Amino acid sequence: MMILSLVLVTLVGLGLYALLVRGEANRAFLPMLGPGVVLLAIAGIGILRLLPTDSDAISARTYIALAMLWIGWIGFAALVAQMLMRRMPDLTPVPALTGALATLAPVAGFLVTKTLS
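All values derive from a computational prediction rather than experimental measurement.

Brief notes about the layout of surface pockets
For the largest pocket, the calculated volume is near 590 Å³. Lining the largest pocket are 13 residues, and of these Val-9, Tyr-63, Leu-66, Ala-67 and Phe-110 sit closest to its centre. At the level of elements, α1 (2-21), α3 (60-87) and α5 (105-116) are the ones that each hand at least two residues to the lining of the largest pocket. A total of five residues in the lining of the largest pocket trace back to one element, the largest contributor, which is α3.

This is how it looks when you write it as structure tokens:
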């Protein structure tokens, strides 16, 4: 079941990233993506650090905070890829592919943690 959920998270993350990066870098899109990423990061960290959680079980707040951080990470990768593609159009496929690889970092980190624990 865990492998199925990791595959689903990976596919959803790559799909969300593809939606954010597709097409040319848009001047109206970039100013909205930056503050959105910052707000998601602040909200996710705030929920994890400021609200008490039960030590016995993982609560729904923890899942919501981790989802916010995960979506913020994907948005950050898309923001950097869009900025690089806009500033350096001759490198067009490289930033998008590197950002797609960066969206796999949370899943890879989870797998490394599960392997080492």
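Okay, back to it.
Brief notes about α1
Compared with an ideal rise of 1.5 Å per residue, which puts 20 residues at 28 Å, α1 spans 28 Å between its outermost C-alpha atoms and is within 8% of the ideal. Buried residues belonging to α1 abut α2 (30-50), α3, α4 (93-102) and α5.

Quick look at the packing of α2 against α3
Axis separation between α2 and α3 bottoms out at 8 Å; the angle between their running directions is 155°. Here α3 runs roughly antiparallel to α2, going by the angle between their axes. The way α2 lies across α3 gives a crossing that is left-handed. A per-class count over the contact of α2 with α3 returns 19 nonpolar, six polar and two charged.

A word on the nonpolar core
One broad rule of soluble globular proteins: the nonpolar side chains tend to lie buried together. Membership of the largest hydrophobic core comes to 14 residues, with the highest contact counts inside it found for Tyr-17, Leu-20, Val-21, Leu-33, Ile-74, Ala-78 and Ala-96. Going through the elements one at a time, α1, α2 and α3 are the ones with two or more residues in this core. A per-element tally of this core places α3 first, with seven residues. In contact with Leu-20, other than residues within four places in its own chain, are Phe-29, Leu-33, Ile-74, Gly-75, Ala-78 and Gln-82.

Conventions we followed
- Residues numbered from 1 in each chain as written.
- Predicted model: local features only at pLDDT ≥ 70, side-chain atom pairs only at ≥ 80, totals over all residues.
- Heavy atoms only, no water.
- 1 Å grid on protein atoms, 1.4 Å probe; cavity = no way out; pocket = protein on both sides within 12 Å on 5 of 7 lines; lining within 4 Å.
- Points joined across faces, edges and corners; volume = space filled by probe spheres on them.
- Helix = DSSP H or I, 4+ residues; strand = E, 2+ residues; numbered from the N terminus.
- Expected span 1.5 Å × (residues − 1).
- Contact = heavy atoms within 4.5 Å.
- Axes fitted to C-alpha atoms, helices over the stretch in contact; angles between N-to-C directions.
- Parallel < 35°, antiparallel > 145°, perpendicular 65-115°, else oblique.
- Left-handed = near helix turned anticlockwise from the far one by under 90°.
- Nonpolar A, V, L, I, M, F, W, Y, C, P; charged D, E, K, R; others polar.
- Core = buried A, V, L, I, M, F, W, Y, C linked by side-chain atoms within 4.5 Å.
- Buried < 20%, exposed > 50% of the residue type's maximum accessible area, 1.4 Å probe, protein only.

Function cannot be read off these values alone, since they describe shape.
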